[in-house]
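Listed below are the residues making up each chain.
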Amino acid sequence: METLKKSLPDKLVGCLQCAQRVVVLTGAGISAESGLPTFRGDGGLWKKYKADDLASLDGFLQKPDVVWEWYEYRRSIYAHARPNPGHLALAEMGKFYADFTLITQNTDGLHLAAGSENILELHGSLHRNRCHLCGKLYPEQVVSNGQVPPRCGCGGMLRPDVVWFGEPLSPSILDGALRAASEAQVFFSVGTSALVQPAASLPLAAKKRRAVLVEINIEPTPLSPAADFFLEGKASEWLTLIKEVLQ
Ligand code: BJW
Ligand code: ZN
């Protein structure tokens, strides 16, 4: 049987070779190939758990122990995850372009582990905790003294330093992402359902400023009609191909 290899459209290869300012927005799909669950779709976290209960401040204030334990459970899974060829290809792409911004919605830290630089973590990081009252930051592993969740010196409950629904993103990180998007010549949206705001508006902001919009996903999303190139398939396969074209 003949094996059909993926190939990049010539026009896209030309764009990638000429571009100077490139921005990539990633979502849970890029980490799916590291064995981490996505949020939506088959097998997604929000199919099994209620986002309102586990990823909102109200949910945390109602049942802080349940939310803390759920994040501890997630951390136990994430602790074994390693960057996959998609993360590694993005780290290589970052070396090729003088101006390369990696914006991620993921809280798993796998882009950092892959060696990427200039990463904007829009939704925070599971690898940090934060005091709910005074905002003091703590590492992922904290001494609990039997309290669930553990407490800050000020008495406040610790929570993961992530962004839940209804919470604002860090203004400086969001500003950086908006600026990079508005200056991008090529903007990639990779492995995200493009449903969660304000992240979902970044590709459109880039397109409005005439960036070439490239989407990589195993299935179409609400963003797909706006994409100049829709690369259907796994993030790791397309990104490896792109990395090879640039080398
Ligand atoms: C593959 C693949 C493979 C699979 N290869 N692809 C209108 C305007 C503005 C805001 C809103 C609005 N309407 C509603 C809102 C509010 C809300 C929102 O957007 N809700 C929508 C769901 C409707 N947004 C917010 O609340 C945000 N805050 C905010 O707007 O604040 C405003 C404010 C201002 C001032 C004061 C107060 C407030 C915050 C959003 C926070 C999201 N948090 C989470 C949890 C993070 C912590 C944690 O890790 O637990 O972030 S929810 C979850 O969704 C997580 C993700 O980062 C985020 C996005 O999900 P993602 O990455 O797209 O994953 P999936 O699962 O949806 O998609 C995976 C994709 O991969 C799929 O398409 C697959 O096909 C694909 N795929 N394998 C390639 N191998
Ligand atoms: Zn505190």
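Let us look at the structure shown here.

Reading the values: rules and limits
- Residues numbered from 1 in each chain as written.
- Chains lettered and ligands numbered in written order.
- Predicted model: local features only at pLDDT ≥ 70, side-chain atom pairs only at ≥ 80, totals over all residues.
- Heavy atoms only, no water.
- Donors = N, O, S within 2.8 Å, 3.2 Å for Na, K, Ca; no water.
- Buried < 20%, exposed > 50% of the residue type's maximum accessible area, 1.4 Å probe, protein only.
- Near = heavy atom within 4 Å.
- Polar contact = N/O pair within 3.5 Å; in protein donor to acceptor, adjacent residues only side chain to side chain.
- Areas by Shrake-Rupley, 256 points an atom, 1.4 Å probe, with all protein chains shown as cover.
- 1 Å grid on protein atoms, 1.4 Å probe; cavity = no way out; pocket = protein on both sides within 12 Å on 5 of 7 lines; lining within 4 Å.
- Sits in = over half its atoms within 2 Å of the grid points.
- Helix = DSSP H or I, 4+ residues; strand = E, 2+ residues; numbered from the N terminus.
- Nonpolar A, V, L, I, M, F, W, Y, C, P; charged D, E, K, R; others polar.
- Points joined across faces, edges and corners; volume = space filled by probe spheres on them.
- Domains from an automatic or database assignment.

Description of the coordination of the zinc ion (ligand 2)
Here's step 1: Around the zinc ion (ligand 2), the protein supplies Cys131 (SG), Cys134 (SG), Cys152 (SG) and Cys154 (SG) as donor atoms, at distances of 2.2 to 2.4 Å.
Here's step 2: With a relative accessible area of 2%, cysteine 131 lands in the buried category.

Remarks on the site of ligand 1
Here's step 1: Around ligand 1, the structure places 34 residues, and the nearest of them are Arg40, Thr192, Ser193, Gln197 and Asn217.
Here's step 2: In this structure, glycine 166 approaches ligand 1 through a main-chain N or O atom, which is 2.7 Å from an oxygen atom.
Here's step 3: Contacts to ligand 1 include asparagine 217, whose side-chain N or O atom sits 2.7 Å from an oxygen atom.
Here's step 4: Taken by itself ligand 1 offers 1500 Å² of open surface, and the protein chains cover 74% of this.
Here's step 5: If you map ligand 1 onto the pockets, it falls in the largest pocket.
Here's step 6: Mapped onto the shell around ligand 1, the elements with two or more residues apiece are helix H2 (28-32) and helix H6 (64-78).
Here's step 7: A per-element tally of the shell around ligand 1 places H2 first, with three residues.
Here's step 8: Taken together, the residues of the shell around ligand 1 sort by class into 15 nonpolar, 13 polar and six charged.

Quick notes on the environment of glutamate 167
Here's step 1: Locating glutamate 167 in the fold gives a position in the loop between strand E6 (158-162) and helix H9 (171-183).
Here's step 2: Note: C-alpha distance between glutamate 167 and glutamine 147 (20 residues apart in sequence) is 25 Å.
Here's step 3: Of the polar contacts made by the side chain of glutamate 167, one reaches the side chain of arginine 159; its length is 2.7 Å.
Here's step 4: Within the structure, glutamate 167 has its side chain in polar contact with the backbone nitrogen of tryptophan 164 (distance 2.8 Å).

A closer look at empty space enclosed by the protein
Here's step 1: Evaluated as defined, the whole model comprises three cavities of 30 Å³ or more.
Here's step 2: In this structure, the largest cavity occupies an estimated 70 Å³ of space.
Here's step 3: Counting residues per element, the ones that place at least two in the lining of the largest cavity are H2 and H6.
Here's step 4: Looking at the lining of the largest cavity residue by residue, the class counts come to five nonpolar, three polar and two charged.
Here's step 5: Residue contributions to the lining of the largest cavity reach at least three from each of two domains, namely domain 1 (1-36 + 83-123 + 170-247) and domain 2 (38-80 + 125-162).

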